[in-house]
Amino acid sequence: MEIKKLATAGTLESSDAFITVEPNENGIELNLESVVINQFGEEIEALVYSVLDELDVKNVNISINDRGAVECVLRARIETAVMRGKE
Amino acid sequence: MSKVVSSLNEIIDLLKIEDGMTISFHHHLRNGDYVLNMVLEALAQKGLKNLNVNASSVFDTHQPLIGHIQNGVVTGLEANYIGGVVGRAISEGVLAKPVTFRTHGGRPSDISKGTAPIDVAFIAAPTSDTMGNCTGKYGKSACGSLGYAFADAQYAKKVVVITDNLVPYPLTDFSIPEIYVDYVLEVDSIGNPAGIVSGTTKITRDPVGLVMAQYAAKAIQASGLLKNGMSFQTGAGGPSLAAAKFLMDIMLKEGVKGSFGLGGITKYMVDMMNAGCFESLLDVQCFDLDAVESIRTNPRHREISAMQYASPNAKSSAVDSLDVVILGATEIDTDFNVNVHTDSNGYIMGGSGGHSDTAAGAKMAMIIAPLTRARLSIVVDKVLCKSTPGNTIDVLVTQHGIAVNPLKPELALRFKDAGLPVCDIHHLKKVAEEITGVPKRIKLGDKTVANVIYRDGTLLDTIKSVR
């Protein structure tokens with residue numbers, strides 16, 4: 001799946017995450033900020049790559065401002081941002 | 001004689017304030033306080049160094065304190081509560097010497113015993129006469145009770161009243177009498193009224209908060225303590241206030257008439273008294289303008305000192321007569337120890353206040369908190385900081401169930417009989433981690449940035465730096 005334009009999903013509310021995707025030509029670039037980076041940083045990073053892989057996204061600039069979203073919320077927000085960015 | 005002086009500089013000269021002295025402040029002007037910054041600025045201008053600041057609480061408005069620490073003007077800090085801005089700097093190690101954290105009861109106790117001596121106390125007074133009879137009930141910066149300032153006035157070697165409403169002698173409706181006061185200084189403004197009253201004192205509309213509040217009120221009803229003469233304290237957090245509202249409904253419906261409401265007083269406690277739920281209010285600090293108006297006009301709404309509120313060193317204090325207290329927590333561990341000093345990353349953002357005092361005194365101490373906050377369980381294996389010992393905490397109320405301290409089996413039975421969702425605290429932790437995942441334990445630094453002193457003067461825990 002190709003990211004063709006800038007798209008966002010989510011909010012900056014507590015327990016949510018705000019995701020931005022942008023076109024990129026050379027692979028996946030992840031910029032992750034999280035209020036629980038010390039507790040869940042590695043899990044969140046692994047989740048991002050896993051969701052992008054499932055959606056077959058190979059090139060993207062993805063920024064995540066995580067306000068403590070649980071895994072299913074993060075997954076939903078990332079998928080939504082990608083779907084919005086592919087059109 | 002005249003006690004009225006014209007400037008802080010004059011006071012510094014008259015009192016011969018020197019390097020290394022301890023100066024004290026009280027926090028009734030909360031995040032609107034100008035006095036702590038004003039005094040430290042004057043002392044810094046005079047070139048004083050190595051001062052020890054004993055403030056009953058430090059708020060975000062006291063951010064300039066960080067600069068005074070960096071410049072060596074302030075090298076020691078004692079407080080019962082430190083807000084997130086100064087707290088972060090402390091956690092990052094700005095101060096060489098560890099902060100001394102006390103409780104609202106422990107502070108006046110240690111001051112009276114001489115273990116926390118004060119050279120000069122600065123009392124921010126919304127109204128004072130020319131001899132230092134002063135009160136928080138009147139004036140443009142009215143804050144109501146001056147409860148925390150009494151020990152400072154009584155035991156500091158020298159006492160300065162700073163006011164923005166100087167009235168002719170005598171002010172008859174005084175809180176702190178002239179007998180303790182050395183000098184009176186009039187300034188344009190001691191505080192910003194918008195910051196004096198808290199913005200947090202609103203009943204929650206969050207459905208999760210309302211569920212917890214319902215459980216809390218029903219648990220109090222089932223505890224056996226809800227009867228004529230009951231006394232009650234609640235914090236100013238949203239769910240705690242909602243619990244008070246639900247409790248009020250139950251008390252009115254069942255015709256229960258309590259004895260007193262205690263603590264920091266909000267509009268909701270005033271409403272409960274006026275509706276007949278309590279005979280009186282004992283008030284160490286007003287949280288909003290309704291409380292200020294009530295303490296000014298209603299003789300049943302009584303100002304008390306921090307000593308009378310919670311000191312373990314007093315012959316008795318109000319917490320000893322307290323039935324039920326509702327408290328918050330940033331973390332609680334499976335032994336019911338509670339953290340209210342640091343956030344989940346270890347940064348200082350609070351303090352005991354009256355938490356551990358009321359927990360120790362009350363017949364039932366109830367923590368009310370959502371099971372998870374921003375992907376972190378409220379229930380942990382071991383709290384990052386032990387603010388209140390688990391053997392003084394009886395109940396944890398969350399939206400997923402109520403855990404009762406195993407030390408109180410009869411309470412658990414009463415709750416079960418009332419149909420409340422009682423469960424083991426380990427079960428709550430498991431439920432939380434099924435939602436959030438299992439967090440990695442954070443690593444803290446090696447430097448001790450604060451010592452947490454329990455109300456009896458013993459060391460309860462230490463807080464480490466954040467790296």
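Please read all numbers here as calculations on a predicted model, not as lab measurements.

Enquirer: When you look at the interface of chain A and chain B in this model, what are you seeing that I'm missing?
Expert: A common way to report how large an interface is uses the accessible area buried once the components associate. On the side of chain B, 12 residues touch chain A, which itself brings 16 residues to the contact. Interface of chain A and chain B: buried area, both sides summed, is about 1,100 Å²; carbon and sulfur atoms make up 51% of it. For chain A, the biggest contributors to the area lost against chain B are Asn38(A), Gln39(A) and Phe40(A); these three give 50% of the whole. Between chain A and chain B we count 1 salt bridge in total. Here Glu42(A) makes a salt bridge to Lys440(B), at a shortest N to O gap of 3.0 Å. Elements supplying a minimum of two residues to the side of chain A that touches chain B: helix H1 (37-54) and helix H2 (71-85) of chain A. Broken down by class, the residue content of the side of chain A that touches chain B amounts to 7 nonpolar, 5 polar and 4 charged.

Enquirer: Even after reading the chapter, I still don't get helix H2 (residues 35-45) of chain B, so can you show me in this structure?
Expert: For H2(B), the set of buried residues is Val35(B), Leu36(B), Asn37(B), Val39(B), Leu40(B), Ala42(B) and Leu43(B). Positive phi shows up at Gly47(B), right after H2(B), with a value of about 85°.

Enquirer: In this structure, what is going on with the side chain of Thr388(B)? I would like to understand it.
Expert: All names here are of chain B. Here Thr 388 lies in the loop between strand S22 (379-380) and strand S23 (395-398). Only 2.7 Å separates the side chain of Thr 388 from the side chain of His 355, close enough to count as a polar contact. There is a polar contact of 3.5 Å between the side chain of Thr 388 and the backbone nitrogen of Ser 356.

Enquirer: Hey, could you run me through the sheet that holds strand S3 (residues 51-55) of chain B in this one?
Expert: Neighbouring strands of a sheet are bound in pairs by backbone hydrogen bonds; such pairs are parallel or else antiparallel. Residue and element names in this part refer to chain B. Strand order in the open sheet made by the 10 strands is S1-S11-S9-S6-S2-S3-S4-S5-S25-S26, with mixed pairing throughout. One side of each edge strand has no neighbouring strand; the edge strands of this open sheet are strand S1 (4-5) and strand S26 (459-464). The pairing of strand S4 (residues 74-79) with strand S5 (residues 99-101) spans 2 bridges and is classified as parallel. Residue pairing in the sheet places Ala 79 in a bridge with Phe 101 of S5. This element, helix H5 (residues 106-113), spans strand S2 (22-25), S3 and strand S25 (448-453) of the sheet and lies at about 130° to S3.

Enquirer: Just to check I follow, could you spell out the environment of Ala149(B) for this structure?
Expert: Residue and element names in this part refer to chain B. Within the secondary structure, Ala 149 sits in the loop between strand S8 (134-135) and helix H6 (150-155). Between the alpha carbons of Ala 149 and His 28 there is a distance of 8.6 Å; along the sequence they are 121 residues apart. Setting aside its immediate chain neighbours within four residues, Ala 149 contacts His 26, His 28, Ile 123 and Ile 176.

Rules and cut-offs
Residues numbered from 1 in each chain as written. Chains lettered and ligands numbered in written order. Predicted model: local features only at pLDDT ≥ 70, side-chain atom pairs only at ≥ 80, totals over all residues. Heavy atoms only, no water. Contact = heavy atoms within 4.5 Å. Buried area = accessible area lost by both parts, 1.4 Å probe. Salt bridge = Lys/Arg side-chain N within 4 Å of Asp/Glu carboxyl O. Helix = DSSP H or I, 4+ residues; strand = E, 2+ residues; numbered from the N terminus. Nonpolar A, V, L, I, M, F, W, Y, C, P; charged D, E, K, R; others polar. Buried < 20%, exposed > 50% of the residue type's maximum accessible area, 1.4 Å probe, protein only. Polar contact = N/O pair within 3.5 Å; in protein donor to acceptor, adjacent residues only side chain to side chain. Pairing = 2+ DSSP bridges. Axes fitted to C-alpha atoms, helices over the stretch in contact; angles between N-to-C directions.

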